[in-house]
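# A closer look at the structure
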Amino acid sequence: MSGPFFEIGPKNLLRRAELEPLARAAGAAGSDHGVSVILTVPTALIAPIHDLHSGVIPFAQAMAPDRPGNSMGRVIAETLVDAGAAGVMLNHASNPLDPPALAAAVERARATGLQTIVCTDTDAEAVRVARLGPTAILLEPPALIGTAGRIARDWIAPASEAVRRVVPAVLMMHAGGVSAPSIAEAIMAAGADGTGSTGGVIGAAD
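Counting restarts for each chain, with residues numbered from 1 along the sequence as it is written. At least 70 in pLDDT is required for a residue's local features to be given in this predicted model, at least 80 for side-chain atom pairs to be given and counted, and no such filter applies to totals for whole chains, interfaces and linings, which use all residues. Only hydrogens and water are set aside; all other atoms, that is, all heavy atoms of the structure, feed into the side-chain values.

Right, let's get into the overall build of the protein chain. Each helix is a run of H or I in the DSSP string that is no shorter than four residues. Each strand is a run of E no shorter than two, and both are numbered from the N terminus. Looking only at helices and strands, the protein chain features eight helices and eight strands. Taken against the 2.2 N^0.38 rule, which gives 17 Å for 206 residues, the C-alpha radius of gyration of the protein chain at 16 Å falls within 12% of a compact globule. With the principal axes as the frame, the protein chain shows a C-alpha extent of 50 × 40 × 25 Å. For every residue, the accessible area obtained with a 1.4 Å probe (protein chains only) is divided by the maximum for its type, and the residue is called buried under 20%, exposed over 50%, and partly exposed between those limits. Taken over 206 residues, the protein chain has a buried fraction of 46%. A fraction of 61% describes how many contacts in the protein chain between residues 6 or more apart in sequence connect residues 24 or more apart. For this measure, only C-alpha atoms enter the radius of gyration; the expected value for a globule follows 2.2 Å times N^0.38, where N is the number of residues. The criterion used for residue contact is that any of the two residues' heavy atoms lie within 4.5 Å.

This next bit is on the pairing of strand β5 (residues 115–120). Most of β5 sits out of view: six of its six residues are buried. With burial as the criterion, each face of β5 is covered, one bearing Q115, I117 and C119 and the other bearing T116, V118 and T120. Here, a strand pair is defined by DSSP locating no fewer than two bridges between the strands. Relative to β5, strand β4 (residues 87–90) runs parallel, the two sharing four bridges. Each residue of the ladder has a partner; that of M89, found in β5, is I117. For the segment spanning β4, helix α4 (residues 99–112) and β5, crossover handedness is right-handed. Pairing of β5 with strand β6 (residues 136–139) involves four bridges; the strand directions are parallel. Think of it like this: strands point away, you trace from the first strand over the helix to the second, and a clockwise trace means the crossover is right-handed.

Inspection of the secondary structure puts N70 in the loop between β3 (57–60) and α3 (77–83). Note: C-alpha distance between N70 and M172 (102 residues apart in sequence) is 36 Å.

This is how it looks when you write it as structure tokens:
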């Protein structure tokens, strides 16, 4: 994964019959515009999306930090790799991890070759998470999640700079309330490596 990138995270809003055409359209758009497109899908749909070879990069929505063993009902890094995931999103607002579990999950992902996007909601948290060495950090203020409308995002440049001073290689993603292409464009113009949208993509007429 490299910038510029765009992440679509449809949560559990879409079933396979809807995700597959979305993956094809997103992969084609990414190819046309020179943008890496990440599609973050439920675990059970990683393999079908991977096997489409649509051009999107399949990410898992979560992962337990467990090692292979006799646990039950836990999705581990090796399972995601075997299913065809290229990476995993961690610490989403709807599925947060405590600091030790997050650190362990990032390390387990790294050890198995999975890329990571770690969600944060403040500048200070983004800097702390950068020290774990994720592939990318998503800085998304909670007040913007699920919203629509263009607002000033004055924090993008200073937050990205603060993270890069700590770990220059970490990619910075900024999102929340990305309901239109113009908002995504403004975020990228402000210095982000990536952005993304769920509601804007799913709610689009085309």
